Amino acid sequence: MASIQYKKASCIYPGSDKLAVDSLSLDIQDGEFVVLVGPSGSGKSTALRMLAGLEDIDEGHIEIGGKDMVGVPSKDRDIAMVFQNYALYPNKTVAENMGFALKLRGVSAEERRKKVEDAAKILDLTEFLDRKPAKLSGGQRQRVAMGRAIVREPQVFCMDEPLSNLDAKLRVQTRTQIAALQRRLGTTTVYVTHDQVEAMTMGDRVAVLRFGKLQQFASPNDLYDKPANAFVAGFIGSPAMNLVTVPVTENGVKIGDGTMELERADLTKISDAGLNEVTIGIRPEVLEISDSVGVDVVVDLVEDLGSEAFVYTHAGSGVELVARCNPRTAPNLADSVKLRRHPDGTVHLFHPKTGERLN
Amino acid sequence: MTTTAEKSTEATAPAVASKKKSRKFSPWGLVAWLVGLGFFFPVFWMVLTAFKSEGDAATNPPKLFFTPTLDQFKAVFEQGIGPAMLNSIFATGISTILVLLLGVPAAFALSLRPVRKTQDGLFFFMSTKMLPIVAAILPLYVIVSNIGMLDNIWSLVILYTSMNLPIAVWMMRSFFLEVPGELLEAASLDGASLMRSVREVILPLVSPGIAATALICVIFAWNEFFFAVNLTAVNAQTMPVYLVGFIAGEGQYWAVLSAAATITALPVILCGWFAQNKLVRGLSFGAIK
């Protein structure tokens, strides 16, 4: 059983009194693929390294399979880690790299060879077994790093931005391979990335971190549809959700020179909170270009991606809005158009000061 | 637009090619050759003289062409260079082994396991090299004399070890710093204890650096003269001190002196030759760090 619990775990930067990870609490099920995502400096790598035993747990606890890991050295935690820079042993061949952990455990050479060959077959590394890492490409080295982790059959996989050093196409390819591999092996995996696309496509659940604090821990769909605060709302989704702080009116909010209507229930929540301003969040796909009603905007830029186009605009008071549209019917630069909220589209409301979700 | 651009590149291409050609005979290359030859010439002359008879060696103007003879080398060995050679080998060998045994763990601690006082420790090591050897010789002589270790090869062993240790630690530290920290982390996650990680992961990576350091220590210890001449007499005499004996008062025997000097210099020249790539690498890494 390899469930993982972070129980108010904290880590202090050495030589400072700032918390790198601030009271992180996560409950990870056995076999789950959890992604830790966040901008640089959010503490996600530190949180992973605390799990692996490479950073001290200064406050709180981390439990693996119910056992407290405070004070337990890395080599006794039965965790395999894939590093961002792969950390392959340069003087050992691929086969020796992959078999090192087993050798340390005293596994016989015969059995070691078999396990290494099995893993190499899964990862397509069989022809490279006798090469040294210096003679491999980036993608091949990444696979060796994964192979080294798989061969150990550990309780937990830790992966620290393993795809960052690969080119874009290889990244997409390897992303699916890692996800498929994890599903096949069923090992609990904690994966760190700054790329929210990786987070959304690979994770069973995703934990968004900012300045060491957990913002939200939910499935990708929940993060997308119901972000807990303005930060998560703006972080997940590309292009980012439109987030503007606007004054509240009788029936809705004032955007630019026009008014966008809101639901009764939402307006009640705003007035209950005693606010006359609110941060409104609308995803680009919820805004559409209309001829009749809507907010008056001027087109600044049109990004044509082939299957869809994104129109970057600004409204009267300097408010910037991004809308999605059909590339064949996209407006031109400097056109004046109207943007309207799709009637079924969700409007997210956040507190203008704290960023907390209101609806 | 495109045609004019192509034309201009064609025009510059031959100019670039001719520039490259002329670089072959640049004045700086010539200077380098001259300087190199200037440094090499005395050594060359010494080795040449070692093969001359005394008569040939003493001519004025000096002779470049002569019949070579091995008589001088025979004379050197007959005059008993053996004990001095053994002393040099002993002092150099033992001190280098001690330097490696002490210096490698020290460098490891100061690089891969730094603590708050690491910089202070490093400075302390380096500061021992800042004292001129001449200033230290008086107290050292008194101490060595008082403990009855004058003319004892072990005094030299101890002094050479402490003389080379700072350099060795400094050099090896720069090699240890080259090892990516992630490798140690990966080894520890794989289940390796500290000793195991050092043996299987770090040492193979650092071994060229250790070899370069060992060679530097050998060169310094072998050539060391000041401690040897002051603290030894007959029994513990090393090769550099033995050479002094050839500078006789009653007239110079250039040829036999050159032969003795050649024999003394030979081990170090060979060491340097075999290790030249590693030495450059080792010394320049220290500079970058």
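In this text the structure is predicted, and so the values were computed from the model without any measurement. (Residues numbered from 1 in each chain as written. Chains lettered and ligands numbered in written order. Predicted model: local features only at pLDDT ≥ 70, side-chain atom pairs only at ≥ 80, totals over all residues.)

**Quick word on the overall build of chain B**
Item 1. Helices and strands together make up the secondary structure of chain B, namely 13 helices and 0 strands.
Item 2. Each helix and strand of chain B, placed in order from N terminus to C terminus, yields the pattern α-α-α-α-α-α-α-α-α-α-α-α-α.
Item 3. Sorting the 289 residues of chain B into buried and exposed places 31% on the buried side.
Item 4. Here the contacts in chain B between residues at least 6 apart in sequence split such that 81% fall between residues at least 24 apart. (Helix = DSSP H or I, 4+ residues; strand = E, 2+ residues; numbered from the N terminus. Buried ≥ 20, exposed ≤ 12 C-beta atoms within 10 Å, placed from the backbone. Contact = placed C-beta atoms within 7 Å.)

**A closer look at the sheet that holds strand β15 (residues 287-290) of chain A**
Hydrogen bonds between backbone atoms are what pair the strands of a sheet, whose relative direction is either parallel or antiparallel.
Residues and elements named next belong to chain A.
Item 1. With antiparallel pairing, the 5 strands of this open sheet are ordered in space as β15-β19-β16-β17-β18. On the outer flanks of this sheet lie β15 and β18 (320-325), each paired with one strand and no other. Going from strand to strand, the sheet's axes swing by 50° on average, the running direction of each strand aside.
Item 2. Strand direction decides the pairing type here: strand β17 (residues 309-315) and β18, joined by 6 bridges, are antiparallel. By the bridge assignment, T313 is partnered in β18 with L321. (Pairing = 2+ DSSP bridges. Axes fitted to C-alpha atoms, helices over the stretch in contact; angles between N-to-C directions.)

**Quick word on the pairing of strand β7 (residues 156-160) of chain A**
For a regular strand, the rule is simple: side chains alternate between the two faces of the sheet.
Residues and elements named next belong to chain A.
Item 1. Burial within β7 is extensive, with 5 of its 5 residues counted as buried.
Item 2. Note that strand β6 (residues 79-82) and β7 share 4 bridges and pair parallel. Counted as the bridge partner of M81 is C158 from β7.
Item 3. Where β7 meets strand β8 (residues 188-193), 5 bridges bridge the pair, whose relative direction is parallel. Bridge pairing links D160 to V192 in β8.
Item 4. Where the polypeptide runs from β7 across helix α5 (residues 168-185) and back to β8, its parallel neighbour, the crossover connection is right-handed. (Right-handed = clockwise from strand over helix to strand, strands pointing away.)

**Overview of the interface of chain A and chain B**
Item 1. In this complex, chain A contributes 17 residues to the contact, which on the side of chain B involves 14 residues.
Item 2. Secondary-structure elements contributing two or more residues to the side of chain A that touches chain B are β6 and α2 (94-105) of chain A.
Item 3. Considering every element that reaches the side of chain A that touches chain B, the biggest residue donor is α2(A), with 4 residues.
Item 4. In terms of residue class, the side of chain A that touches chain B is made up of 12 nonpolar, 3 polar and 2 charged. (Nonpolar A, V, L, I, M, F, W, Y, C, P; charged D, E, K, R; others polar.)

**What to know about the nonpolar core**
Item 1. Ranked by internal contacts, the top residues of the largest apolar core, which has 159 residues, are L36(A), L51(A), M81(A), C158(A), V190(A), L156(B) and M172(B).
Item 2. Non-local contacts of L36(A), meaning those with residues more than four positions away in its chain, are made with K44(A), A47(A), L48(A), V190(A), V192(A), A207(A) and L209(A). (Core = buried A, V, L, I, M, F, W, Y, C linked by C-beta atoms within 7 Å.)

**Re the domain arrangement of chain A**
Residue and element names in this part refer to chain A.
Item 1. Domain annotation of chain A identifies domain 1 (4-234) and domain 2 (239-350).
Item 2. Taking only C-alpha atoms into account, the centre of domain 1 sits 39 Å from that of domain 2.
Item 3. Between domain 1 and domain 2, the contact holds 5 residues from the first and 7 residues from the second.
Item 4. Here the residues of the side of domain 1 that touches domain 2 sort into 3 nonpolar, 2 polar and no charged. (Domains from an automatic or database assignment.)

**Some words on the packing of helix α5 (residues 82-112) of chain B against helix α10 (residues 194-223) of chain B**
Packed helices, taken two at a time, are described by the angle their axes make and the gap between the axes.
Residue and element names in this part refer to chain B.
Item 1. Axis separation between α5 and α10 bottoms out at 9 Å; the angle between their running directions is 140°. Between α5 and α10, the crossing angle belongs to the class labelled oblique. The way α5 lies across α10 gives a crossing that is right-handed. Residues S88, A91, T92, S95, T96, V99, L100 and V104 of α5 touch α10, and the partners they reach there are I210, A214, C217, V218, A221 and W222.
Item 2. When the residues that make up the contact of α5 with α10 are grouped by side-chain class, the tally is 10 nonpolar, 4 polar and no charged. (Parallel < 35°, antiparallel > 145°, perpendicular 65-115°, else oblique. Left-handed = near helix turned anticlockwise from the far one by under 90°.)

**With respect to the domain arrangement of chain B**
It is common to give the size of an interface as the accessible area lost on bringing the parts into contact.
Residues and elements named next belong to chain B.
Item 1. What the domain assignment reports for chain B is domain 1 (2-72) and domain 2 (79-288).
Item 2. Residue-level contacts link 10 residues of domain 1 with 8 residues of domain 2.
Item 3. Among the elements of the structure, α2 (27-50) and α3 (54-57) are those that each provide at least two residues to the side of domain 1 that touches domain 2.
Item 4. Among the elements that line the side of domain 1 that touches domain 2, the one with the most residues is α2, at 4 residues.
Item 5. When its residues are assigned to classes, the side of domain 1 that touches domain 2 shows 5 nonpolar, 3 polar and 2 charged.

**As for the pairing of strand β13 (residues 258-261) of chain A**
Residue and element names in this part refer to chain A.
Item 1. In terms of strand pairing, strand β12 (residues 252-255) meets β13 through 4 bridges, oriented antiparallel. Residue pairing for β13: K254 is matched across the bridge by T259.
Item 2. In this structure, the hairpin formed by β12 and β13 is closed by a connection of 2 residues, where G256 is found at a positive phi of approximately 60°.

**Comments concerning the packing of helix α3 (residues 109-123) of chain A against helix α4 (residues 138-151) of chain A**
All names here are of chain A.
Item 1. Direction vectors running N to C along α3 and α4 enclose 135°, while the axes themselves pass 9 Å from each other. The angle between α3 and α4 places the two elements in the oblique class. In terms of crossing hand, the pair formed by α3 and α4 is right-handed. Counted together, K115, V116, A119, A120 and L123 of α3 and R143, M146, G147, I150 and V151 of α4 form the full contact between these two elements.
Item 2. Within the contact of α3 with α4, the residues separate by chemical class into 7 nonpolar, 1 polar and 2 charged.

**Regarding the sheet that holds strand β11 (residues 242-247) of chain A**
All names here are of chain A.
Item 1. Taken in spatial order, the 3 strands line up as β11-β14-β20 in an open sheet, and their pairing is antiparallel. Each of the sheet's edge strands pairs with one partner strand only, and the pair in question is β11 and β20 (348-350). Each neighbouring strand pair of the sheet contributes to a mean axis angle of 30°, computed without reference to strand direction.
Item 2. Sheet topology places β11 next to strand β14 (residues 277-282); 6 bridges connect them, and they run antiparallel. Note on β14: the bridge partner recorded for V244 is I280.

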